[in-house]
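Secondary and tertiary structure notes
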Amino acid sequence: MQLQQLRYFVAVADARHFTRAAEAEHVAQPSLSQQIRSLERELGAELFHRARGNIALTDAGDALLPLARRILADTESARLAVQETVRLRRGRVRLGAPPSLCTSLVPDVLRGFRDRYPEVTLVVREGGSRDLVRSLGAGELDLALIIAPPAGEAPGTALAVTELLHEELVLVSAGGGPGRRTRVRVEELRDRPLVMFREGYDLRETTIAACRAAGFEPVFAVEGGEMDAVLGFVRAGLGPAVLPGMVAALSGLAVTHFAGAGLGRTIAVAHGPEVPLTRAAAALRAALLEHLREAARTGGLPPGTRLLLD
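Read on for a plain summary of the structure. Predicted model, so just to flag it, every value in this text is computed and none were measured.

1. A few points about the packing of helix H6 (residues 105-116) against helix H11 (residues 279-298)
Running from N to C, H6 and H11 cross one another at 120°; their axes reach a closest spacing of 9 Å. Here H6 lies oblique to H11, going by the angle between them. Crossing of H6 against H11: the hand is right-handed. Of H11, the residues touching H6 (which contributes Leu105, Asp108, Val109, Leu110, Phe113 and Arg116) are Ala280, Ala283, Leu284, Ala287, Leu288, Glu290, His291 and Leu292. Classifying every residue of the contact of H6 with H11 gives 10 nonpolar, one polar and three charged.

Listed below in structure tokens is the structure:
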């Protein structure tokens, strides 16, 4: 039994006429009739009462018709599902990222991906790297942008990790003017109360660790904010904050670089190694890498941000 035979059978049942059914199927009438005969021989029963000007279904035809319609409908659904997946006309990607990257890198990447694949649903979860790693391990995310741990430290679970960028961390403030210094040492933050993120932010942990490495505990003018709140507090003059270079470049705030080796972080993209990426997730990962390579090629990365991809 062939799908083409079932399609011709349904066409004749609907038209109640062999010639009209052949025209609807864009096939010669003798070819259509031959296919129907072949189907009847295979089933061992006639499907139509044939009389001049009066084509009617037999009992066997009545029994076959709803089944044939269902088979053809299921076949079409399967064809469309596969084609839409291959063409990425639909699907879903669950992406995790720290708030600082949702503010800077992620919007441009998602805009380009959305322009190319408008039918793919995008779900974004903000969180700290540790939480995102746990979510990847639990299968709750397809991809995550994370802050790579220091060399020699594992991310906390078995992941496929690709390092993308090394990003400079800078000091931002509301102040400006011709006398403002362009570089500062970490030690000079000892007596400068900082605007600090809430617990769980990678930036909070990195800043506190840098201050402790310089021999002091940082003082906070205000703490506990999310990214937008921290930017607002700095603009209000409550104090400076340590921010990633990509966020600082978009903030409109005065930027001071750290002297010497400075502060930085490595951004990576990660996914679970055991389950292959869906086609949509793989396409988003490819779009991310393409975006970064193009930004590096055209000078679109902020000063101090270095591409790590080959």
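2. Looking at the nonpolar core
Core analysis: the largest hydrophobic core is formed by 32 residues, its most contacted members being Leu101, Leu105, Leu145, Leu164, Ile267, Leu284 and Leu288. Mapped by element, the contributors of at least two residues to this core are strand S3 (91-97), helix H5 (99-103), H6, strand S5 (143-147), strand S6 (160-173), strand S12 (263-271) and H11. No other element matches the nine residues that H11 contributes to this core. Excluding its chain neighbours within four sequence positions, the residues that come into contact with leucine 288 are Leu105, Val109, Leu145, Leu164 and Val269. Counting 28 residues, the second largest nonpolar core, distinct from the first, contains Leu169, Val184, Met227 and Phe258.

3. Let's talk about the pattern of salt bridges
In total, this model carries 17 salt bridges according to the counting rule given. One salt bridge in this structure joins arginine 185 and glutamate 187, with 3.8 Å as the shortest N-O distance. With a shortest N-O distance of 2.8 Å, arginine 198 and glutamate 226 are connected by a salt bridge. Placement of the pair is arginine 198 in the loop between strand S8 (194-197) and helix H8 (202-213) and glutamate 226 in the loop between strand S9 (220-225) and helix H9 (227-235), with a sequence separation of 28 residues. The structure contains a network of salt bridges with shared partners spanning Arg37, Glu40 and Arg50.

4. A few points about helix H3 (residues 29-43)
For H3, which comprises 15 residues, the first-to-last C-alpha distance of 21 Å matches the rise-based estimate of 21 Å (1.5 Å per residue) to within 8%. Once H3 ends, the next one or two residues include glycine 44, with phi positive near 75°.

5. As for the packing of aromatic side chains
In the structure shown here, the tally under the stated rule is four aromatic pairs. Between phenylalanine 9 and phenylalanine 48, the ring centres sit 5.5 Å apart and the planes meet at 50°, which makes this aromatic pair tilted. Taken as a pair, phenylalanine 9 in helix H1 (residues 3-15) and phenylalanine 48 in strand S1 (residues 48-51) lie far apart in primary sequence, 39 residues in all. Grouping residues by exposure puts phenylalanine 9 and phenylalanine 48 together as buried. Measuring from ring centre to ring centre gives 5.0 Å for phenylalanine 113 and tyrosine 117, while their planes differ by 55°; the resulting arrangement is tilted. With respect to class, phenylalanine 113 is no different from tyrosine 117; both count as buried.

How each quantity is defined
- Residues numbered from 1 in each chain as written.
- Predicted model: local features only at pLDDT ≥ 70, side-chain atom pairs only at ≥ 80, totals over all residues.
- Heavy atoms only, no water.
- Axes fitted to C-alpha atoms, helices over the stretch in contact; angles between N-to-C directions.
- Helix = DSSP H or I, 4+ residues; strand = E, 2+ residues; numbered from the N terminus.
- Parallel < 35°, antiparallel > 145°, perpendicular 65-115°, else oblique.
- Left-handed = near helix turned anticlockwise from the far one by under 90°.
- Contact = heavy atoms within 4.5 Å.
- Nonpolar A, V, L, I, M, F, W, Y, C, P; charged D, E, K, R; others polar.
- Core = buried A, V, L, I, M, F, W, Y, C linked by side-chain atoms within 4.5 Å.
- Buried < 20%, exposed > 50% of the residue type's maximum accessible area, 1.4 Å probe, protein only.
- Salt bridge = Lys/Arg side-chain N within 4 Å of Asp/Glu carboxyl O.
- Expected span 1.5 Å × (residues − 1).
- Phe/Tyr/Trp six-rings, centres within 6.5 Å; stacked < 30°, edge-to-face > 60°.

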